[in-house]
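# Working through the structure, step by step
One letter stands for each residue in the lines below.
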Amino acid sequence: ELRRARRALAALWGAGEATFERAAGNLDAVQPQLPALDGLRAAAGDNPDVTRWDVESQRLRSLASLERAARIPDLEFGAGFKYFNDNDESALVVGVTAPLPLFDRRTEGARALELEAEQAGQYRSAAAQRVARDVSGAFEQLTGAHTEATALRDREHSVAQEAADGSSQAYR
């Protein structure tokens, strides 16, 4: 069991084999209470695996908005003078051009981007559920380790107290 625990501890920091001689710790440093699970779950919403989908969704919505704006044609105005050599006259020329979006109305691209944004929202929900599951599992492991460490500390203190009481009785 000791070998298995040493390998698990070494694997925790990415080492292939445990090269340390012994592990040391301070059981008195064990916190009396664990953090609240609800607080950990709330903090999990800031996990990068979750928040990246917020950014992606916003990016896609912005692109869809840009695509919708591109459906409105840009009007171009122009003005100038023209000289006619034939009759030695000048004229003011004014022009307006407007593209006619007969074939490309850009509606498909905007709708596709909106659907991708909705999909990114679903990916965000899935990532949030996955992170919440991982937080719950880690909290269960933490609770077990905390209970075990607290029990070891209490047992160590009671054994030390018994030894102190026995030695003080022996010197009386």
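Values in this document were obtained by computation on a predicted structure and should not be read as measured data.

### Regarding unusual backbone geometry
In this structure, D88 takes a positive phi of about 55° despite not being glycine. Here D88 is to be found in the loop between β1 (76-84) and β2 (89-97).

### Quick look at the pattern of salt bridges
Per the counting criterion, the structure on display carries 6 salt bridges. Within the structure, one salt-bridge network assembled from shared partners comprises R68, R111 and E114.

### Considering the packing of helix α2 (residues 37-44) against helix α4 (residues 107-170)
Two numbers describe how α2 lies on α4: the axes approach to 9 Å, and their chain directions differ by 145°. The two elements α2 and α4 meet at a crossing, and its hand is right-handed. In this structure, α2 contributes L37, L40, R41 and A44 to the contact, and α4 contributes V131, V135, S136 and F139. Of the residues that constitute the contact of α2 with α4, the class distribution is 6 nonpolar, 1 polar and 1 charged.

### Re the pairing of β1
Across 9 bridges, the pairing between β1 and β2 is antiparallel. Paired with F84 across the bridge in β2 is E89. Linkage of β1 to β2, two consecutive antiparallel strands, is achieved through a turn of 4 residues, within which D88 is found at a positive phi near 55°.

### With respect to the packing of aromatic side chains
Counting across every chain of the model gives 1 aromatic pair. Relative to Y123, the ring of W53 has its centre 4.9 Å away and its plane inclined at 45°; by these criteria the two rings are tilted. Of the two residues, W53 is situated in helix α3 (residues 48-69) and Y123 in helix α4; the sequence distance between them amounts to 70 residues.

### Focus on the layout of surface pockets
One way to see where empty space is left: roll a probe the size of a water molecule over the atoms. Approximately 260 Å³ is the volume attributed to the largest pocket. What lines the largest pocket is N26, L27, V30, L142, A145, H146, E148, A149 and L152. Residue composition of the lining of the largest pocket, grouped by class: 6 nonpolar, 2 polar and 1 charged.

### Overview of the nonpolar core
Counting 11 residues, the largest nonpolar core consists of A44, V50, W53, L60, A64, L113, A117, A120, A127, V131 and V135. Contributions of two or more residues to this core are made by α3 and α4. A total of 6 residues in this core trace back to one element, the largest contributor, which is α4. Those residues in contact with A120 that lie beyond four places of it in its chain are W53, E56, S57 and L60.

### Here's the deal with the side chain of S57
Inspection of the secondary structure assignment puts S57 in helix α3. The class for S57 is buried, based on a relative accessible area of 11%. Ignoring anything within four residues of it in the chain, the contact list for S57 reads A117 and A120.

### Considerations on the packing of α3 against α4
At their nearest, the axes of α3 and α4 sit 8 Å apart, and the two run at 170° to each other. Taken together, the axis directions place α3 and α4 in an arrangement best described as roughly antiparallel. Here the residues of the contact of α3 with α4 are counted per class, giving 13 nonpolar, 2 polar and 10 charged.

### Overview of the environment of T150
Mapped onto the elements, T150 comes out in helix α4. With a relative accessible area of 18%, T150 lands in the buried category. In this structure the C-alpha to C-alpha distance between T150 and A8, which are 142 residues apart in sequence, comes to 21 Å. A polar contact is formed between the side chain of T150 and the backbone oxygen of H146, at a distance of 2.7 Å.

Cut-offs and rules
- Residues numbered from 1 in each chain as written.
- Predicted model: local features only at pLDDT ≥ 70, side-chain atom pairs only at ≥ 80, totals over all residues.
- Heavy atoms only, no water.
- Helix = DSSP H or I, 4+ residues; strand = E, 2+ residues; numbered from the N terminus.
- Salt bridge = Lys/Arg side-chain N within 4 Å of Asp/Glu carboxyl O.
- Axes fitted to C-alpha atoms, helices over the stretch in contact; angles between N-to-C directions.
- Left-handed = near helix turned anticlockwise from the far one by under 90°.
- Contact = heavy atoms within 4.5 Å.
- Nonpolar A, V, L, I, M, F, W, Y, C, P; charged D, E, K, R; others polar.
- Pairing = 2+ DSSP bridges.
- Phe/Tyr/Trp six-rings, centres within 6.5 Å; stacked < 30°, edge-to-face > 60°.
- 1 Å grid on protein atoms, 1.4 Å probe; cavity = no way out; pocket = protein on both sides within 12 Å on 5 of 7 lines; lining within 4 Å.
- Points joined across faces, edges and corners; volume = space filled by probe spheres on them.
- Core = buried A, V, L, I, M, F, W, Y, C linked by side-chain atoms within 4.5 Å.
- Buried < 20%, exposed > 50% of the residue type's maximum accessible area, 1.4 Å probe, protein only.
- Parallel < 35°, antiparallel > 145°, perpendicular 65-115°, else oblique.
- Polar contact = N/O pair within 3.5 Å; in protein donor to acceptor, adjacent residues only side chain to side chain.

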